[in-house]
Amino acid sequence: MFVIGLVPPIAGSAIRAPIRAVCFDWGGTLMVDNGPEGVPMHRWPEVQAVAGARECLAALHGRVPLCVATNAGQSDRGMIEAALDRVDLQRYISRIFCFHGIGATKDRPEFWRAVSRELDLPPSEIVTIGDSVEHDVRAPRREGLQSVWFNRAGVDRRTAIAAPSVTGLEEFPGLIS
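Calculation criteria
- Residues numbered from 1 in each chain as written.
- Predicted model: local features only at pLDDT ≥ 70, side-chain atom pairs only at ≥ 80, totals over all residues.
- Heavy atoms only, no water.
- Helix = DSSP H or I, 4+ residues; strand = E, 2+ residues; numbered from the N terminus.
- Buried < 20%, exposed > 50% of the residue type's maximum accessible area, 1.4 Å probe, protein only.
- Contact = heavy atoms within 4.5 Å.
- Areas by Shrake-Rupley, 256 points an atom, 1.4 Å probe, with all protein chains shown as cover.
- Pairing = 2+ DSSP bridges.
- Axes fitted to C-alpha atoms, helices over the stretch in contact; angles between N-to-C directions.
- Core = buried A, V, L, I, M, F, W, Y, C linked by side-chain atoms within 4.5 Å.
- Phe/Tyr/Trp six-rings, centres within 6.5 Å; stacked < 30°, edge-to-face > 60°.
- Salt bridge = Lys/Arg side-chain N within 4 Å of Asp/Glu carboxyl O.
- Arc of directions from axis to C-beta.

So, about the overall build of the chain. Counting secondary structure elements, the chain contains five helices and six strands. Its helices and strands taken in sequence order, the chain reads β-α-β-α-β-α-α-β-α-β-β from the N to the C terminus. Taken across its 177 residues, the chain has 47% of its residues classed as buried. In the chain, 60% of the contacts between residues at least 6 apart in sequence involve partners at least 24 apart. Surface accessibility of the chain: about 8,200 Å² in total, with carbon and sulfur atoms responsible for 49%.

In space, the six strands of this open sheet follow the order β3-β2-β1-β4-β5-β6, with parallel pairing throughout. On the outer flanks of this sheet lie β3 (95-98) and β6 (165-166), each paired with one strand and no other. Across the sheet, helix α2 (residues 77-86) is in contact with β2 (66-70) and β3; its angle to β3 comes to roughly 125°.

Time to look at the nonpolar core. Counting residues in each nonpolar core, the largest one holds 37 residues, and the members touching the most others are F24, L30, M31, L84 and F172. Elements supplying a minimum of two residues to this core: β1 (21-24), α1 (53-60), β2, α2, β3, β4 (126-130) and β5 (146-150). Not counting chain neighbours up to four residues away, the residues in contact with F24 comprise L30, C56, L57, L60, L66, C67, V68, A69, I129 and F172.

Per the stated rule, a full pass over the model turns up two aromatic pairs. Measuring from ring centre to ring centre gives 5.7 Å for F24 and F172, while their planes differ by 75°; the resulting arrangement is edge-to-face. Of this pair, F24 sits in strand β1 while F172 sits in the segment after β6, placing them 148 residues apart in sequence. With respect to burial, F24 and F172 carry one shared label: buried. Aromatic side chains F111 and W112 sit 5.0 Å apart centroid to centroid with 70° between the ring planes, which places their arrangement in the edge-to-face category. This pair shows no difference in class: F111 is buried, exactly as W112 is.

All told, the structure shown has nine salt bridges when counted by the stated rule. One salt bridge in this structure joins R20 and E125, with 2.7 Å as the shortest N-O distance. Here R20, found in the segment before β1, pairs with E125, found in the loop between α4 (109-119) and β4; they are 105 residues apart in sequence, far enough to count as distant. D25 is the salt-bridge partner of K106, the closest N and O atoms lying 2.8 Å from each other. With K106 in the loop between α3 (99-102) and α4 and D25 in the loop between β1 and α1, this residue pair connects regions lying 81 residues apart in the sequence. Here the two residues K106 and D25 agree in accessibility, since each one is buried. One continuous salt-bridge network, built from bridges that share partners, spans D25, K106 and D136.

Among the residues of α2, I80, A83 and L84 are the ones counted as buried. The buried side chains of α2 occupy one side of the element, clustering within an arc of 100° when seen end-on. Where the residues of α2 are buried, they touch β2 and β3. The first or second residue beyond α2 is D88, which carries a positive phi of 60°.

Laid out in structure tokens, this is it:
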């Protein structure tokens, strides 16, 4: 298994080595989440990847397992794979962790414990990245995972959280060497 090392810290927060898996949020982080309400994403007339998603995944692919961790309540693993495939992202993803498979959402400790158990890794060797401060940053950190906030809006991070953040996915691979 490959291990990703560490680069210089970001404003008081850093990703610590070793990193042996990365979990990306799905809607709002890898794929644009603006389709018809109540319809699973794989059935939307149009789907699109978030800017920089493909490049980010390609830069990290083969270095560590790349996973999706999502709260999506209307989509099971197969549906998520189908949506990712429509924007040519599925080929980079090795595992999908979702509400339907785990029976809990990302704000629950059992979600992140299941991820750690399934990956057979200690939580500290897993890093998450997502656009929800609560579900993608604070909740995984409470369970010992490392996290990066995908802060697309460029909110002043000092008023939000003390965690590494990126405003574009193309920045994320640079946080880990």
